[in-house]
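Notes for the structure review
One letter stands for each residue in the lines below.
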Amino acid sequence: MSELVLEPFRLPYMQRALAEVLLLGVLTGVAGVFVVLRRLAFMSDALTHTVFPGLVVAHLAGRSLALGALAFGVLTAVLFTLLAANRRVGSDAGMAIVLTALFSVGVVLVSRQHSYTSDLTLFLFGRVLTVDRADLVTTLVLAVLVLAVLAVLGKELVLRAFDPEGSTAMGYRGVVLDLVLNLLIALVVVAAVKAVGTVLVVAMLVVPAASARLLADRLAGMTILSCAFGVLGGWGGLLASYQLSVRGGLRLAAGATIVVVLVACFLAALAVAALRGRDGAQAAAP
Amino acid sequence: MSRREPRRRETALAFDRAAVRLGGRTIWSDLSLSVAHGQFVAILGPNGAGKSTLIKAVLGLVPVVRGSITVLGRAPRAARREVAYVPQADTLDAEFPVSALQVVLMGRYPRVGWVRRPGRADRAAARDALDAVGLAGQAGARFGTLSGGQRQRVLLARAIAQEPRLLLLDEPTNGVDAVSQQLLLLALQRLRADGAAVVVATHDLGLAHLACDDVCLLNHHQVGFGPVDETLTPELLRAAYGGQAIELGGQGVIVARP
């Protein structure tokens, strides 16, 4: 058994991959709670697509991918907040415009490259098995930064999610709090982009927190469960993709396998919540 | 404390020929009223008359285009820290993972400040506030599992925990059972006795009759403002509610809800 579970992680590249996904599991687990409670899943999805041209530009310029992602992530977070504040445009239309515009720019730029397909795959789906020490440090720094800001502004962000009008009435500036949260989500996307790519990172942000919400009644419990699901999905996905590739000859992509495990956890949480709900209804019946 | 001479006490809230516009439309104009500390005033009018906008204007969420609104001697935005707002309970997400006590603690956040977490004194204040609305036993219950009336009382407790000098309530009796209504009114009376001014936007004539000192009848303009028995007359009510007001034998008036 320990052969099956521990042996893969004796390989250095698997150790780095494991460290990366565990870090991301905790980071996306905590940040995801705010994404789910603020109903920002679509906005996170849009952000992941707009970070894509940043990666392409950085790649073409020979700069760090994280830097390119950061620049475009921040730009989009600001654009989203401003467009959402414009009543005529509205948040959903504003997001769709920014998303498609920037994504197209990315595709146009990358399509001029000879290594078009392989570059595109890297940006969209990531390569967790090629994560190096520098990537790990980048993820760690971003994770510490995001978690620190959430620790400082957590209660105000929760109040804004629960009762936006009440929060403004107490004197908190809604636009500022929204901008901060959007920027944090952008940073999480940047942190995760090398490992799981721009398409799959939204799954890491939304699925663990959504699973936790099905099972937890309190914010603290939801946050802990969300982290647990994130860590479990990262570890389980890496392990499954390794074992099935090495022993089963199936050649599963690690990033996508992580998402499959996360979604399996979500389905299990859904089943547990449904069973609990039925029991609750029976208990309440006379 | 005499209730006969409310005008001579210090003013908590004053409108002076105020007008607001929202989305290019004038919601109401020429509104003049004053609320003294310890006074309970109802803003009464049909749906869409601009009652909620009035509350938002007091909070400084809607700009005043003519005249002025003075809150606790300051501009509305500058007074927010001493003003508490109680929203309608059913506008909030019932599935949100917070307990009743956690909701009440939110009222302490402006005092707690950034970074820090609510301390022992804040928890004590929150528990006292829950006790004041008769929900001490429900502190640990998830907000969404409480009844509509209980949720409304939790939100009032949150406002009490803010220790406000002016309290604003938006339709606090909507869909609220008789017991909760009683407990709400009791808690409001206690706040008034401590010197807080209370303004409630409502279409509940009974609430105005039962509990309020003054009433402002509103329907895009000020139909009437003054003591309850002088303002809730058949003539003024008909003027405010139009065809929705039905007179009963020249004495009472029923307002039919559309």
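To keep things clear, this report deals only with the structure shown in the data block. This is a predicted model, so every value here is computed, not measured. (Residues numbered from 1 in each chain as written. Chains lettered and ligands numbered in written order. Predicted model: local features only at pLDDT ≥ 70, side-chain atom pairs only at ≥ 80, totals over all residues.)

1. Some thoughts on the interface of chain B and chain A
Where we set the bar: This entry defines residue contacts through backbone-placed C-beta atoms, with two residues in contact when those atoms are within 7 Å. Each residue is assigned to one of three groups, with Ala, Val, Leu, Ile, Met, Phe, Trp, Tyr, Cys and Pro labelled nonpolar, Asp, Glu, Lys and Arg labelled charged, and all others, Gly among them, labelled polar.
Counting residues at the interface gives 18 residues for chain B, matched by 18 residues for chain A. A per-class count over the side of chain B that touches chain A returns 13 nonpolar, one polar and four charged.

2. Remarks on helix 4 (residues 65–85) of chain A
All names here are of chain A. Condition: A helix here means a DSSP run of H or I that spans at least four residues, while a strand means a run of E at least two residues long, and both kinds are numbered starting from the N terminus. Helix span, expected: 1.5 Å multiplied by one less than the number of residues in the helix. The exposure label follows from counting other C-beta atoms within 10 Å of a residue's C-beta, where the C-beta atoms are placed from the backbone and the thresholds are 20 or more for buried and 12 or fewer for exposed, leaving partly exposed in between.
Over its 21 residues, helix 4 runs 30 Å from end to end, which matches the ideal 30 Å to within 8%, given 1.5 Å per residue. What helix 4 keeps buried is the set Leu65, Ala66, Gly68, Ala69, Leu70, Phe72, Gly73, Thr76, Ala77, Phe80 and Thr81. Here the buried face of helix 4 lies against helix 3 (41–61), helix 5 (91–111), helix 7 (133–162) and helix 9 (174–215).

3. Digging into the sheet that holds strand 1 (residues 11–22) of chain B
Adjacent strands of a sheet form backbone hydrogen bonds with each other and so pair up, either parallel or antiparallel. Residue and element names in this part refer to chain B. The condition is simple: The criterion for strand pairing is that DSSP finds at least two bridges linking the strands in question. The angle between two axes is taken between their N-to-C directions and runs from 0 to 180 degrees, where each axis is a line fitted to C-alpha atoms and a helix contributes only its stretch in contact.
Pairing in this open sheet of three strands is antiparallel, and the strands run 2-1-4 from one edge to the other. The strands lining the two open edges of the sheet, one partner per strand, are strand 2 (25–36) and strand 4 (64–71). The sheet shows a mean angle of 10° between the axes of neighbouring strands, taken without regard to direction. Pairing of strand 1 with strand 2 involves eight bridges; the strand directions are antiparallel. Residue pairing in the sheet places Ala14 in a bridge with Ser34 of strand 2.

4. Some thoughts on the environment of Gly248 of chain A
Along the chain, the position of Gly248 of chain A falls in the loop between helix 10 (219–246) and helix 11 (254–284). For the pair Gly248 of chain A and Phe72 of chain A, spaced 176 residues apart in sequence, the C-alpha separation works out to 40 Å.

5. Section: the packing of helix 7 of chain A against helix 9 of chain A
Residue and element names in this part refer to chain A. As a reminder, the rule being used: Here roughly perpendicular refers to angles of 65 to 115 degrees, roughly parallel to angles under 35, roughly antiparallel to angles over 145, and oblique to all remaining angles. Left-handed describes a crossing in which the near helix is turned anticlockwise from the far one by less than a right angle; the clockwise case is right-handed.
As a packed pair, helix 7 and helix 9 sit with axes 9 Å apart at the nearest point and diverge in direction by 155°. As judged from the angle between their axes, helix 7 and helix 9 are roughly antiparallel. Read as a crossing pair, helix 7 and helix 9 show a hand that is left-handed. Across the interface between the two elements, Asp135, Thr139, Leu142, Ala143, Leu145, Val146, Val149, Leu150, Leu153, Glu156, Leu157 and Arg160 of helix 7 pack against Gly174, Leu177, Val180, Leu181, Leu184, Leu187, Val188, Val190, Ala191 and Lys194 of helix 9.

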